There are 2 protein chains.
Amino acid sequence: MSRPLTARQQHVFDFIVKTMGEFGYPPTRAEIAKALGFRSPNAAEEHLRALERKGAIRIIRNTSRGIRLPNQEPQELVDSTASALPAANIEASPAGLPVIGEVAAGSPILAAEHIDRYCPLPAEYFTPKADYLLRVRGLSMKDIGILEGDLLAVHRTERVRDGQIVVARLDDEVTVKRFKRQGHQVTLFAENADFAPIEIDLRSQSLDIEGVGVGVIRGGNGQALG
Amino acid sequence: MSRPLTARQQHVFDFIVKTMGEFGYPPTRAEIAKALGFRSPNAAEEHLRALERKGAIRIIRNTSRGIRLPNQEPQELVDSTASALPAANIEASPAGLPVIGEVAAGSPILAAEHIDRYCPLPAEYFTPKADYLLRVRGLSMKDIGILEGDLLAVHRTERVRDGQIVVARLDDEVTVKRFKRQGHQVTLFAENADFAPIEIDLRSQSLDIEGVGVGVIRGGNGQALG
DNA sequence: TCGATAAGTGGTTAAGTATACAGTATGTTC
DNA sequence: GAACATACTGTATACTTAACCACTTATCGA
């Protein structure tokens, strides 16, 4: 899948490695452009994207100096496991579970423009089956181990029971909470003492249930642990 | 000449070290404030200045993430005792990543009798690649969202850096902790206020590093969420 | 000759970020 | 008890940076 780097891409990559070794942090687009003699930071931007496509680096979106080397890991001079992955037949799986990032207000969750990428895991790995993975924002569920950036595996359904972790849409905002209902009164509990429960009266407010949480994945595709 | 750091300053410094080890770049003021619970980024700014006055860090002005550690030693090799575990290697199976449950004292982790089942996820989904999944016992890492029963994706290596989540073998017991080393002294931190850090003197005690944590999976194959 | 990819220029915009200023509160030191 | 350092909250501003759009040039294989 990943072709070798072009000469120019290699120059950019080398500069990133050099900068990180020298300064302890990765370069900005402008710094790359200056070092390589570009007049526009956009040239650097496009090289970075090419490098990411080819798996040489990972870009953390909306983050200054958000460049990571996959082999951030100390290099093993002699790879004891002798795996030395050939990278030849690591083809991207055709399908897998779609990963949903930002959800624009008013639009359905499973719209193509929300799909960041795919996670090569069968839907049936979770029970009930997962329909998509939702990238979690905020720390409102941290006490049960659901952190910012985690992927929440979601089973689409509107039928939920008390105590389940639900993905709900409230005032066009998508949120993950623990569900409880008493008559027409629904309470959405955060699992974090800093967040107050949300009370909804179904007679006066609308609440859409998008699904229930059935699993969590963290660390895939470069997201960090800890 | 420079006075020792105060406790709070040490916290800030530790967070900087941890962030650099983990992400490859230093934190912003806002990230420090969030991590330490400050409501204002200015609190972080003033701590950084104090750290610079005391020589613990250097600040590059007008530069995002412009923090440098004077002792720029990126990677550290732990192990002095050269554990040399007998590569009891389970081949990368077409079935996916092996899930390791209980690990009997004295036996290598990747022994066939420990394998519960397989998780159908490619090793390369994580970076660096995962070699196996370890079922976590106990709540010592709950503050970073690693709970009892979770599967920790582990990359086999003995080379670890400060701040990483490691799988270590201490007195024939396998444990997951955050790693920190200063000379002969290794500290394994739990991420849970109820657990005290574990101090190891490499001159008198043996510590084997089995690998580093690269991801977490919860909820697969029937395990419940929340 | 067409289409795709690489490698740029040039400019815009919104978000990320460093940093200044004005306070409050609590210690420790002389 | 005044002087000073630590440890913050809160607000504001300007610079830094990522990311987008429109466009150009050149190369390569079908």
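Calculation notes
- In this numbering scheme, every chain counts its residues from 1 along its sequence in written order.
- All chains are assigned letters beginning at A, and all ligands numbers beginning at 1, according to the order in which they are written.
- In view of the model being predicted, local features appear only for residues whose pLDDT reaches at least 70, and side-chain atom pairs are presented and counted only at 80 or more, with totals across whole chains, interfaces and linings using the full set of residues.
- Only hydrogens and water are set aside; all other atoms, that is, all heavy atoms of the structure, feed into the side-chain values.
- Strands here mean DSSP runs of E at least two residues long; helices mean DSSP runs of H or I at least four residues long; both are numbered from the N terminus.
- We call two residues contacting when some pair of their heavy atoms lies within 4.5 Å.
- What sets the accessible areas is the Shrake-Rupley method with a 1.4 Å probe; for residues, cover comes only from the shown protein chains.
- Only protein chains enter the accessibility calculation, which uses a 1.4 Å probe; a residue is then buried when its area is under 20% of its type maximum, exposed when over 50%, and partly exposed in between.
- The directions from the helix axis to the C-beta atoms are what the arc is built from.
- We define proximity as follows: a residue is near a molecule or strand when any one of its heavy atoms falls within 4 Å of that partner.
- Here a polar contact means two N or O atoms within 3.5 Å. Within protein one must be a hydrogen donor candidate and the other an acceptor candidate, and residues neighboring in sequence count only if both atoms are side-chain atoms.
- Between 30 and 60 degrees the pair is tilted, below 30 it is stacked and above 60 it is edge-to-face, where a pair is any two Phe, Tyr or Trp rings, Trp via its six-membered ring, whose centres lie within 6.5 Å.
- Each residue gets one label: Ala, Val, Leu, Ile, Met, Phe, Trp, Tyr, Cys and Pro are nonpolar, Asp, Glu, Lys and Arg are charged, and the others, such as Gly, are polar.
- By nonpolar core is meant a set of buried Ala, Val, Leu, Ile, Met, Phe, Trp, Tyr and Cys residues that side-chain atoms within 4.5 Å join together.
- Note on disulfides: each one is a pair of cysteine sulfur atoms within 2.5 Å.
- For every residue, the predictor assigns a confidence score, pLDDT, that lies between 0 and 100.
- Simply put, an axis is a line fit to the C-alpha atoms, just over the touching stretch for a helix, and the angle between two N-to-C directions goes from 0 to 180 degrees.
- The scheme is simple: roughly parallel for angles under 35 degrees, roughly antiparallel for over 145, roughly perpendicular for 65 to 115, oblique for anything else.
- Less than a right angle of anticlockwise turn of the near helix away from the far helix marks a crossing as left-handed, whereas a clockwise turn marks it as right-handed.
- By this rule the span expected of a helix is its residue count minus one, scaled by 1.5 Å.

1. Topic: the overall build of chain A
Stage number 1. Of regular secondary structure, chain A possesses 3 helices and 11 strands.
Stage number 2. Beginning at the N terminus, the succession of helices and strands in chain A can be written as α-α-α-β-β-β-β-β-β-β-β-β-β-β.
Stage number 3. Nonlocal contacts in chain A, meaning residues at least 24 apart in sequence, comprise 53% of its contacts between residues at least 6 apart.
Stage number 4. Taken as a whole, chain A presents about 11700 Å² of accessible surface, with 51% of it coming from carbon and sulfur.

2. Concerning helix 2 (residues 29–36) of chain A
All names here are of chain A.
Stage number 1. Here helix 2 has its buried residues at Ile32, Ala33 and Leu36. Within helix 2, the buried residues cover an arc of 100° as seen down the axis, which keeps them to one side.
Stage number 2. In this structure, the buried side of helix 2 is in contact with helix 1 (7–23) and helix 3 (41–53).
Stage number 3. Positive phi appears at Gly37, one or two residues downstream of helix 2, with a value of about 85°.

3. Some details on the protein's contact with DNA strand C
Stage number 1. Taken together, 24 residues lie near DNA strand C, and Ser64(A), Arg29(B), Arg49(B), Asn62(B) and Arg65(B) sit nearest.
Stage number 2. The contact atoms of DNA strand C, taken as those within 4 Å of the protein, divide so that sugar and phosphate hold 77%.
Stage number 3. Between a phosphate oxygen of DNA strand C and a side-chain N or O atom of Thr6(A), the distance comes to 3.0 Å.
Stage number 4. Between a base nitrogen of DNA strand C and a side-chain N or O atom of Ser40(A), the distance comes to 3.0 Å.

4. Here's the deal with the packing of aromatic side chains
Within a pair of aromatic rings, the relevant descriptors are the distance that separates the centres and the angle that separates the planes.
Residue and element names in this part refer to chain A.
Stage number 1. Throughout the structure, instances matching the rule amount to 4 aromatic pairs over all chains.
Stage number 2. Seen in terms of ring centroids, Tyr125 and Phe126 are 5.2 Å apart; in terms of plane orientation they differ by 80°. Their pairing is edge-to-face. Considered together, Tyr125 and Phe126 belong to a single accessibility category, that of buried residues.

5. Examining the environment of Thr6(A)
Stage number 1. Structurally, the position occupied by Thr6(A) is in the segment before helix 1.
Stage number 2. When the C-alpha positions of Thr6(A) and Leu51(A) are compared, they lie 9.6 Å apart, and in sequence the two are 45 residues distant.

6. Focus on the protein's contact with DNA strand D
Stage number 1. In the neighbourhood of DNA strand D, 23 residues make up the surrounding shell, with Arg49(A), Asn62(A), Arg65(A), Arg8(B) and Arg39(B) lying closest.
Stage number 2. Backbone atoms, meaning sugar plus phosphate, form 70% of the atoms of DNA strand D positioned within 4 Å of the protein.
Stage number 3. Between Arg29(A) and DNA strand D, the recorded distance is 2.9 Å, taken from a backbone N or O atom to a phosphate oxygen.
Stage number 4. Within the contact set of DNA strand D, a phosphate oxygen lies 2.6 Å away from a side-chain nitrogen or oxygen of Arg49(A).
Stage number 5. Broken down by secondary-structure element, the contributors of at least two residues to the surface near DNA strand D are helix 3 of chain A together with helix 1 (7–23) and helix 3 (41–53) of chain B.
Stage number 6. If one sorts the elements of the surface near DNA strand D by residue count, helix 3 of chain B sits on top with 5 residues.
Stage number 7. Across the surface near DNA strand D, the residue classes tally to 2 nonpolar, 12 polar and 9 charged.

7. Thoughts on the nonpolar core
Stage number 1. Of all hydrophobic cores here, the largest spans 49 residues; its most connected members are Leu121(A), Phe126(A), Leu188(A), Phe126(B), Leu188(B) and Leu207(B).
Stage number 2. Counting 18 residues, the second largest nonpolar core, distinct from the first, contains Phe13(B), Ala44(B), Leu51(B) and Leu69(B).

8. As for the state of the cysteines
Stage number 1. Throughout the structure, instances matching the rule amount to 0 disulfides over all chains.
Stage number 2. Here Cys119(A) stays unpaired: no disulfide links it, and the sulfur of Cys119(B), its closest cysteine neighbor, is 9.0 Å away.

9. Side note on the confidence of the model for chain A
Residue and element names in this part refer to chain A.
Stage number 1. In this model, chain A carries an average pLDDT of 76, and 77% of its residues clear a pLDDT of 70 or more.
Stage number 2. Within chain A, strand 4 (residues 115–119) has the poorest average pLDDT of any element, 68, and strand 11 (residues 208–218) the best, 92.
Stage number 3. Taken as a whole, residues 71–94 scores under 50 in pLDDT and shows 34 contacts with residues more than four places along the chain or in a different chain.

10. Details of the packing of helix 1 of chain B against helix 2 (residues 29–36) of chain B
Residue and element names in this part refer to chain B.
Stage number 1. With their axes 11 Å apart at the nearest point, helix 1 and helix 2 run at an angle of 120° to one another. Between helix 1 and helix 2, the angle is such that the two are oblique. The crossing of helix 1 and helix 2 is right-handed. For the pair helix 1 and helix 2, contact is made by Arg8, His11, Val12, Phe15 and Ile16 and by Glu31, Ile32, Ala35 and Leu36, respectively.

11. Overview of the packing of helix 1 of chain A against helix 3 of chain A
All names here are of chain A.
Stage number 1. Axis separation between helix 1 and helix 3 bottoms out at 10 Å; the angle between their running directions is 90°. Here helix 3 runs roughly perpendicular to helix 1, going by the angle between their axes. Residues Arg8, Gln9, Val12, Phe13 and Ile16 of helix 1 form the contact with helix 3, whose own contacting residues are His47, Leu48, Ala50 and Leu51.
Stage number 2. Class assignment of the residues belonging to the contact of helix 1 with helix 3 gives a composition of 6 nonpolar, 2 polar and 1 charged.

12. Focus: helix 3 of chain A
Residues and elements named next belong to chain A.
Stage number 1. Helix length check: helix 3, at 13 residues, gives a terminal C-alpha distance of 19 Å against a target of 18 Å (1.5 Å per residue), a fit within 8%.
Stage number 2. Every buried residue of helix 3 is listed here: Ala44, Glu45, His47, Leu48, Ala50 and Leu51.
Stage number 3. The inward-facing, buried residues of helix 3 abut helix 1, helix 2, strand 1 (58–59) and strand 2 (67–68).
Stage number 4. Just past helix 3, the residue Gly55 takes up positive phi, approximately 80°.

13. Topic: the environment of Gly138(A)
Residues and elements named next belong to chain A.
Stage number 1. Looking at where Gly138 falls in the secondary structure, it is placed in the loop between strand 5 (132–135) and strand 6 (151–156).
Stage number 2. The exposure class of Gly138 is partly exposed, given its relative accessible area of 25%.
Stage number 3. For the pair Gly138 and Thr175, spaced 37 residues apart in the sequence, the C-alpha separation amounts to 9.6 Å.
Stage number 4. Not counting the four nearest positions on each side in its chain, Gly138 is found in contact with Leu147 and Glu148.

14. Considering unusual backbone geometry
Residue and element names in this part refer to chain A.
Stage number 1. In this chain, Thr127 is followed by Pro128 through a cis amide linkage whose omega measures -10°.
Stage number 2. Its identity is not glycine, yet Asn62 carries a phi of approximately 55°, on the positive side.
Stage number 3. Tracing the sequence through the fold places Asn62 in the loop between strand 1 and strand 2.
Stage number 4. Its relative accessible area of 82% is what places Asn62 among the exposed residues.
Stage number 5. Residue Arg65 is not a glycine yet carries a positive backbone phi of 55°.

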